[in-house]
Amino acid sequence: MKEQDSNELVKLGHKLYPTNYKPRSVVFESGKGSEIWGLDGTRYLDFGSGIGVTCLGHCNPEILEVIRNQSDKLWHTSNFYFSKPPIRLAEEIVNRTFAEKVYFCNSGAEANEAAIKIARRYSHNNFGPKKRTILTFEGSFHGRTLAAVTATAQPKYHVGFEPLPAGFRYCKFNDLENFKKLFRNDVCAVLLEPIQGEGGIRPFSIEFLQQARNLCDQNHALLIFDEVQCGMGRTGKLFAYEWADGVVPDIVTVAKSFGAGLPIGAALLGKEVSHTLPLGSHGSTFGGNPVCCAVARVVWEKASSSKFLQQIENKGEFLFGLLAGINSKFQIFSEIRGKGLMIGAEFNAELGDIAPQVLNSCLENNLLVLQSGTRVLRLLPAYTISLEEIAEGVKRLEKVLEHFC
């Protein structure tokens, strides 16, 4: 197709879509690995992987084979019946983790909604109706549904959607004293991302995660980790909480990388809550879809491999080192943080809110990156990206950043 066809599609998209998104003026047609091509044939390097979703790259041949094989057999049954792929996937998850049961759904928001409902129901069953508050943290992001967005302790996401559901209390990020102060007798659960994604790639300290577990135990509350963005191998461990020795959650939510591009989420349920949901109390029409679960089994196998995880960690260190090299040259970042292939580089405050401008300039230089807020450059490349592609992408980024110094 010609370039003007792409422009026409962009105009049509703006006309037909609601204004809650603001897509850049490019239409993508195909991708392979960490490369993606526009309709006009322009090649881009992808350092965002669809907000951390296409973790095994675009059109991964192993994933394509699994999709073809499963789609030739069965696409959907509903949860009135069993099918093989979700059972096998749940079995592998239970064998590898703290979980005793797995609830499948379609997204991270759905998984967090399930976790919220399970926490409330568990507390109601065991402690009565007064212990129903869930603690979350400033800078968090848990989804766009009404309960999940209320759990998200960022007021900018709440405006205009009031009245919000009750029962959430917001704590300061990584502040133990504030956390302890707000941990009252009415708390039924603590919900946090071990590494905040939308909040700026901010990791909770190991001490904080350990204290959160201790406080939950002392107060008969559940510990829920939202690993929608930081889980499934993204940090160099299967789950980011595993960097904190001795910490075992009651519930973990996953999505994004879990399906390598297909829509699937899950709530992993520990022993304490494994029998909380009685018949008919919750559900998801497409949860446990056979095709999505067949793909997720491939991701799970790779993200459970110590050799594969070490490769992610090594690539992350390589990328981190290149970014540090840029910073030693330009002094443009106040901090570079993260784990594995989940990296955030925060721009110096005196530069202002330049992250959106940097994203646009990177696109013009055929590089796809992300932002967290207006001052953090966020990089979530595919786990399969090569060292050569990382070096090429950082070279393009350096070319962009020198214009902002």
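Look above for the structure.
Residues numbered from 1 in each chain as written. Predicted model: local features only at pLDDT ≥ 70, side-chain atom pairs only at ≥ 80, totals over all residues. Heavy atoms only, no water.

As for the sheet that holds strand β2 (residues 35-38)
The four strands are arranged β1-β2-β3-β15 in an open sheet whose pairing can be described as mixed. Two strands bound the open sheet, and with one partner strand each, they are β1 (28-32) and β15 (367-368). Examined bridge by bridge, β2 and strand β3 (residues 43-46) share three bridges and lie antiparallel to one another. Residue pairing for β3: I36 is matched across the bridge by Y44. Across the face of the sheet, helix α12 (residues 387-401) comes into contact with β2, β3 and β15 while running at roughly 105 degrees to β3. (Pairing = 2+ DSSP bridges. Helix = DSSP H or I, 4+ residues; strand = E, 2+ residues; numbered from the N terminus. Contact = heavy atoms within 4.5 Å. Axes fitted to C-alpha atoms, helices over the stretch in contact; angles between N-to-C directions.)

Considering the pattern of salt bridges
Inspection of every chain in the model, using the stated rule, returns 15 salt bridges. For R169, the salt bridge is made with D186, and the minimal N-O distance between the two is 2.6 Å. Remark: D186 occurs in the loop between α7 (176-182) and β7 (187-192) and R169 occurs in strand β6 (residues 168-171); sequence separation between them is 17 residues. Since its relative accessible area comes to 15%, R169 is described here as buried. Linking R375 and D353 is a salt bridge whose minimum nitrogen-to-oxygen distance equals 2.9 Å. With a gap of 22 residues between them, R375 in the loop between β16 (370-372) and β17 (376-379) and D353 in the loop between β14 (342-347) and α11 (355-364) connect regions that are remote in the sequence. Take R375: its relative accessible area is 31%, and that puts it in the partly exposed class. Each of E35, R43, E392 and R396 takes part in one network of salt bridges that share partners. (Salt bridge = Lys/Arg side-chain N within 4 Å of Asp/Glu carboxyl O. Buried < 20%, exposed > 50% of the residue type's maximum accessible area, 1.4 Å probe, protein only.)

Structural notes on helix α9 (residues 290-303)
Relative to the 20 Å expected for 14 residues at 1.5 Å per residue, α9 spans 20 Å between its end C-alpha atoms, a close match to the ideal helical length. Most of α9 sits inside the fold, with 11 of its 14 residues counted as buried. Listed as buried for α9 are P290, V291, C292, C293, A294, V295, A296, V298, V299, W300 and A303. Next to the buried residues of α9 lie α3 (61-71), α4 (84-96) and α10 (306-330). Between the side-chain oxygen at the start of α9 and the backbone nitrogen of V291 there is a gap of 3.0 Å, and the oxygen is on N289. (Expected span 1.5 Å × (residues − 1). Polar contact = N/O pair within 3.5 Å; in protein donor to acceptor, adjacent residues only side chain to side chain.)

A word on the side chain of S34
Structurally, the position occupied by S34 is in the loop between β1 and β2. Among the residues examined, S34 registers a relative accessible area of 3% and is labelled buried. Residues contacting S34, with those up to four places away along its chain left out, are Y44, L45, D46, A382, I385 and E389.

A few points about unusual backbone geometry
Geometrically, the link from E162 to P163 is a cis peptide bond, its omega value of 0 degrees lying close to zero. When you line up the elements, P163 lands in the loop between α6 (146-151) and β6. One non-glycine residue, S78, lies in positive phi territory at about 80 degrees. Summarising the element assignment, S78 is placed in the loop between α3 and α4. Residue class for S78 comes out buried when judged on its relative accessible area of 19%.

Looking at the packing of aromatic side chains
On inspection of all chains with the given rule, the structure shows 16 aromatic pairs. A centroid spacing of 5.3 Å and a plane angle of 90 degrees characterise the contact between F28 and Y44, whose relative ring orientation is edge-to-face. One end of the pair, F28, is in strand β1; the other, Y44, is in strand β3, and 16 residues separate them in sequence. Overall, the relative accessible area of 8% leaves Y44 in the buried class. Where F173 meets F204, the ring centres are 4.6 Å apart and the plane angle is 50 degrees; that geometry is what we call tilted. Here the residue F173 occupies a position in the loop between β6 and α7, and F204 occupies one in the loop between β9 (202-203) and α8 (206-218), the gap between them amounting to 31 residues. Note on F173: relative accessible area 18%, which makes it buried. We classify F204 as buried; its relative accessible area is 6%. Through pairs of rings, three or more aromatic residues link up here, namely F137, F173, F179, F183, F204 and F208. Sitting over the face of the ring of F127, K131 holds its NZ or CZ atom 5.8 Å from the ring centroid. (Phe/Tyr/Trp six-rings, centres within 6.5 Å; stacked < 30°, edge-to-face > 60°. Lys NZ or Arg CZ within 6 Å of the ring centre and 35° of its normal.)

Side note on the packing of α3 against α9
Where α3 contacts α9, the axes come no closer than 9 Å and their chain directions differ by 150 degrees. The orientation of α3 with respect to α9, classified from their angle, is roughly antiparallel. Relative to α9, the crossing made by α3 is right-handed. Across the interface between the two elements, E62, I63, V66, I67, Q70 and S71 from α3 touch P290, V291, A294, V295, V298 and K302 from α9. By residue class, the composition of the contact of α3 with α9 is eight nonpolar, two polar and two charged. (Parallel < 35°, antiparallel > 145°, perpendicular 65-115°, else oblique. Left-handed = near helix turned anticlockwise from the far one by under 90°. Nonpolar A, V, L, I, M, F, W, Y, C, P; charged D, E, K, R; others polar.)

Quick look at the sheet that holds β16
The strand order β13-β14-β17-β16 describes an open sheet built from four strands, whose pairing is antiparallel. The sheet terminates laterally at β13 (333-339) and β16, the two strands that pair on one side only. Strand-to-strand, the axes of this sheet are offset by a mean angle of 25 degrees, without reference to chain direction. α11 rests against β14, β16 and β17 of the sheet, and its axis sits at about 175 degrees to β16.

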